[in-house]
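Chain by chain, the residues:
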Amino acid sequence: MKVYFVGAGPGDPDLLTRKAERLLRRARFCIYAGSLVSPMVLDLLPVDAERHDSASLSMSGVMSLILDARSKNLDVIRLHTGDPSMYSAIGEQMDELNRHGIDYEVVPGVSSFQAAAAVLSWELTIPEAAQSVVLTRTPGRTPMPESEDLAHYARTGATLCLFLSVHAIEKIAHELALHYGEDCPVAVVYRVSWPDERVVRGTLGDIAEKTKLAGLSKTALVIVRREPPVGVRSRLYDGSFSHGYRKGDSV
Ligand code: SAH
């Protein structure tokens, strides 16, 4: 008996890994994060598979379901939205599984920030402007470690992908404008890859207003990326630059 922590991807079943799809199609017992996992993905489960929404459960509730599956000798598919390594509390669940001597495996998924970058047609790294991408959140009811406040990352000028934070867009935009400038592009992507996906593009100066007008207050990512400087190219395809797989023209 084994527990599979499976990345459900952002919503569209076409964005599942082949391994995730294979596991879902033959699942007999599935626990899913109902607030975020898309019904289109759950549709891949066999009709007679046992399915449980974990949205209203505490850790002990999730564990008793897993122990129930073990008593029936059934593998458990534990579905988390996007990639399970981000904001899914799989760590705590693994601690519990370790305590009970239950085997587990993680199957990665396409994270919502990757799907959002694709929809925006944005490269998140920009030659000579931003060579780092910060995946973070702002505090809600969950506090943030003091050393990770937004201004700290904003000072680096890195591209920022903010999870779980769209409700605070006004405060975020105001704070980031101090570092990136009011004209810095920003996008809010709601339910990326779902049929009701919404994309709001703007600048740090106007995004709060636009987001409010669009009525988006949850299940959205905020991505802030500095304007690529005109004419600056990466060295990857620069003809005069040699690397392990290509000799530069001038060499
Ligand atoms: N593990 C997930 C993140 C879970 S935290 C992942 O890798 O994407 C939940 C937050 O993720 C949401 O508040 C939102 O910021 C973001 N999110 C998850 N699914 C999303 C989707 N389909 N579209 C936009 N944002 C999404």
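Just so it is clear, the structure is predicted and the values come from calculations on it, not from any experiment.

## Description of the site of the ligand
Thinking step 1. As a matter of local geometry, the ligand sits amid 18 residues, with Met86, Ser111, Ser112, Val192 and Ala220 nearest to it.
Thinking step 2. Backbone polar atom of Asp83 to a nitrogen atom of the ligand: 2.9 Å apart, as the coordinates give it.
Thinking step 3. For the shell around the ligand, the residue count by class is 11 nonpolar, 5 polar and 2 charged.
Thinking step 4. Among the domains, domain 1 (2–107) and domain 2 (112–224) are the pair contributing at least three residues each to the shell around the ligand.

## Examining the nonpolar core
Thinking step 1. Ranked by internal contacts, the top residues of the largest apolar core, which has 28 residues, are Leu160, Leu176, Tyr180, Val188, Leu204, Val222 and Val224.
Thinking step 2. Sorting elements by how many residues they give to this core places helix 7 (residues 169–180) first, with 6 residues.
Thinking step 3. Beyond its immediate stretch of four places on either side in the chain, Val224 contacts Ala158, Thr159, Leu160, Leu176, Tyr180, Cys184, Pro185, Val186 and Leu204.

## Some remarks on the pattern of salt bridges
Thinking step 1. This model, assessed by the stated rule, comprises 9 salt bridges.
Thinking step 2. Note that Glu105 and Lys2 form a salt bridge whose closest N and O atoms lie 2.7 Å from each other. In this pair, Glu105 is assigned in strand 5 (residues 103–107) and Lys2 in strand 1 (residues 2–7), connecting sequence segments 103 residues apart.
Thinking step 3. Residue Glu105 is classed as partly exposed on the basis of its relative accessible area of 22%.
Thinking step 4. Each of Lys2, Lys19 and Glu105 takes part in a single network of salt bridges with overlapping partners.

## Brief notes about the environment of Gly7
Thinking step 1. In this fold, Gly7 is placed in strand 1.
Thinking step 2. A relative accessible area of 1% means that Gly7 is categorised as buried.
Thinking step 3. Sequence separation of Gly7 and Ser85 is 78 residues, and the distance between their C-alpha atoms is 8.6 Å.
Thinking step 4. The contact partners of Gly7, leaving out residues within four places of it in the chain, are Leu16, Ala20, His80, Gly82, Pro84, Val107, Pro108 and Gly109.

## Examining the sheet that holds strand 2 (residues 29–32)
Thinking step 1. Strands sit in the order 3-2-4-1-5 across an open sheet of 5 strands; the sheet is parallel. Bordering the open sheet on either side are strand 3 (50–53) and strand 5, each of which pairs with just one other strand. With strand direction ignored, the average angle separating the axes of adjacent strands in the sheet is 20°.
Thinking step 2. Relative to strand 4 (residues 76–80), strand 2 is paired through 3 bridges, and the arrangement is parallel. Looking at strand 4, one finds that Tyr32 is bridged to Leu79.

## Examining the sheet that holds strand 10 (residues 220–224)
Thinking step 1. Taken in spatial order, the 5 strands of this open sheet run 6-7-10-8-9, and their pairing is mixed. Lying at the two open borders of the sheet, with one neighbouring strand each, are strand 6 (133–137) and strand 9 (198–203). Taking each pair of neighbouring strands and ignoring which way they run, the sheet shows an average axis angle of 20°.
Thinking step 2. Sheet topology places strand 7 (residues 159–163) next to strand 10; 3 bridges connect them, and they run antiparallel. By the bridge assignment, Leu160 is partnered in strand 10 with Val224.
Thinking step 3. Its contacts with the sheet put helix 5 (residues 112–120) on strand 6, strand 7, strand 8 (185–190), strand 9 and strand 10, and the angle it makes with strand 10 is roughly 65°.

## Description of the domain arrangement of the protein chain
Thinking step 1. The domain boundaries assigned to the protein chain delineate domain 1 (2–107) and domain 2 (112–224).
Thinking step 2. Summarising the inter-unit geometry, the C-alpha centres of domain 1 and domain 2 are found 28 Å apart.
Thinking step 3. Residue-level contacts link 12 residues of domain 1 with 12 residues of domain 2.
Thinking step 4. Summed over both partners, the interface of domain 1 with domain 2 comes to about 850 Å²; 75% of that surface belongs to carbon and sulfur atoms.
Thinking step 5. Considering only the surface of domain 1 that becomes buried against domain 2, Pro10, Met86 and Tyr87 emerge as the three largest contributors, covering 56% of it.
Thinking step 6. Our count for the domain 1 to domain 2 interface comes out at 0 salt bridges.
Thinking step 7. There are 3 residue pairs in polar contact (both at pLDDT 80 or more) connecting domain 1 and domain 2.
Thinking step 8. By residue class, the composition of the side of domain 1 that touches domain 2 is 8 nonpolar, 3 polar and 1 charged.

Rules used throughout
- Residues numbered from 1 in each chain as written.
- Predicted model: local features only at pLDDT ≥ 70, side-chain atom pairs only at ≥ 80, totals over all residues.
- Heavy atoms only, no water.
- Near = heavy atom within 4 Å.
- Polar contact = N/O pair within 3.5 Å; in protein donor to acceptor, adjacent residues only side chain to side chain.
- Nonpolar A, V, L, I, M, F, W, Y, C, P; charged D, E, K, R; others polar.
- Domains from an automatic or database assignment.
- Core = buried A, V, L, I, M, F, W, Y, C linked by side-chain atoms within 4.5 Å.
- Buried < 20%, exposed > 50% of the residue type's maximum accessible area, 1.4 Å probe, protein only.
- Helix = DSSP H or I, 4+ residues; strand = E, 2+ residues; numbered from the N terminus.
- Contact = heavy atoms within 4.5 Å.
- Salt bridge = Lys/Arg side-chain N within 4 Å of Asp/Glu carboxyl O.
- Pairing = 2+ DSSP bridges.
- Axes fitted to C-alpha atoms, helices over the stretch in contact; angles between N-to-C directions.
- Buried area = accessible area lost by both parts, 1.4 Å probe.

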